[in-house]
Amino acid sequence: MPSEPPLILIADPVDATAAQQLTRGNCRVVDASAGGAALEAHLAEAWGLIVRSRTKVTAELLGRAPHLRVIARAGVGVDNIDVPEATRRRIRVVNAPTAATQSVAELTVALMLLLVRGLYGPIHATKSGSWNRSTHGHELAGRTVGFVGYGRIARETRNRLRNFGVTVLAHDPFLPSSPDGTALLSLHELLSRSEIVSIHAALTRENTHLLNADRIGRMPRGSYLINVARGALVDEVALLAALESGHLAGAALDVFEVEPPTRTALLEHPHVLPTPHLGASTVEAQARAGMHVAEELLRALRHEPLEYQVNPEVKE
Ligand code: MLT
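Residues numbered from 1 in each chain as written. Predicted model: local features only at pLDDT ≥ 70, side-chain atom pairs only at ≥ 80, totals over all residues. Heavy atoms only, no water.

### Focus: the site of the ligand
Every residue lining the ligand is accounted for by Arg52, Arg73, Gly75, Val76, Gly77, Arg230, His277 and Ala280. The separation between an oxygen atom of the ligand and a polar main-chain atom of glycine 77 is 2.8 Å. Histidine 277 is positioned such that a nitrogen or oxygen atom in its side chain is 2.7 Å from an oxygen atom of the ligand. Bound to the protein, the ligand loses 92% of the 270 Å² it would expose on its own. (Near = heavy atom within 4 Å. Polar contact = N/O pair within 3.5 Å; in protein donor to acceptor, adjacent residues only side chain to side chain. Areas by Shrake-Rupley, 256 points an atom, 1.4 Å probe, with all protein chains shown as cover.)

### Notes on the nonpolar core
With 28 residues, the main nonpolar core has Ile199, Leu211, Leu225, Leu239 and Leu248 as its most contacted residues. At the level of secondary structure, the elements contributing two or more residues to this core comprise α8 (187-193), β9 (196-199), α10 (236-244) and β11 (248-253). Considering each element in turn, this core owes the most residues, five residues, to α10. In this structure, Ala100, Val145, Phe147 and Val168 belong to the second largest nonpolar core, which totals 26 residues. (Core = buried A, V, L, I, M, F, W, Y, C linked by side-chain atoms within 4.5 Å. Buried < 20%, exposed > 50% of the residue type's maximum accessible area, 1.4 Å probe, protein only. Helix = DSSP H or I, 4+ residues; strand = E, 2+ residues; numbered from the N terminus.)

### Some details on the sheet that holds strand β10 (residues 223-227)
Read from one edge of the open sheet, seven strands run β8-β7-β6-β9-β10-β11-β12, paired in parallel fashion. Because the sheet does not close on itself, it has two edges, and the strands there are β8 (183-184) and β12 (272-274). Strand direction decides the pairing type here: strand β6 (residues 144-148) and strand β7 (residues 167-171), joined by five bridges, are parallel. What sits directly across from valine 148, in β7, is histidine 171. This element, helix α5 (residues 101-117), spans β6, β9, β10, β11 and β12 of the sheet and lies at about 150 degrees to β10. Each of β6 and β7 is contacted by helix α7 (residues 152-161), which is oriented at about 165 degrees to β6, the strand it contacts most. (Pairing = 2+ DSSP bridges. Contact = heavy atoms within 4.5 Å. Axes fitted to C-alpha atoms, helices over the stretch in contact; angles between N-to-C directions.)

Written as structure tokens, this is what we have:
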């Protein structure tokens, strides 16, 4: 433990338990999550930095944080952190990969049901005074669901779908074999066989626009796309074209290439069901994320092994 209480800077809104635990653990905590000058004012002396996805931890920001030893991401994706630069500077990066698994899996199932049943239109219309009981929408039963990326969240979603009578397929280039008997296919095969494609991959430079015009075109006519992972995994221009031509029957999007989203034609499309990146934003998931990153920072301070270090090549 350093002689001075180490300063932990909270850059984005995280659950209050994180600050409470760190203060109890003898840290000085500065909450700069309201924005403004606090982040800049304390960056130079910060030992630990807590972020969600709003703060972009760039090489330039890291250059202004000479004492930074640990960056803690209160969530799964670390695409807002320049991990190679942090590694070069011998800064450990940790995340909280298990905190939101259930919340995101539940959101995926909710979006899937709303989308296939076509409920978003009737909900709005009924609230506006309409009473239209005409037949529309489909059952989920009998459909084939394809997961692009088959990590914790996709597998939990699959577990929740067990009683819906769907066939489940998965594509994941990082899995040598299926962890639970689900058929692992090439991306092209999965896309051509799935009526509902649900994306659960981490965003990297290599898989930006993984779902481009060609790959969306391989999905069966009348199929659905769900993205609760990262917006840039889908080429939104190609997605809109596929919706406009009727090739896709609908899309549920919790994430966008730019957030808040600027492509109003996509947002306003009648078959697009948008939510504002809410996957991990439940009370339970946020409490866990705050607790997990605080525990990880305290472990680092006690020179204990870290549980979820993203760049394990950086030793203490
Ligand atoms: C994540 O990567 O954990 C999610 O995008 C949720 C978030 O941090 O808001």
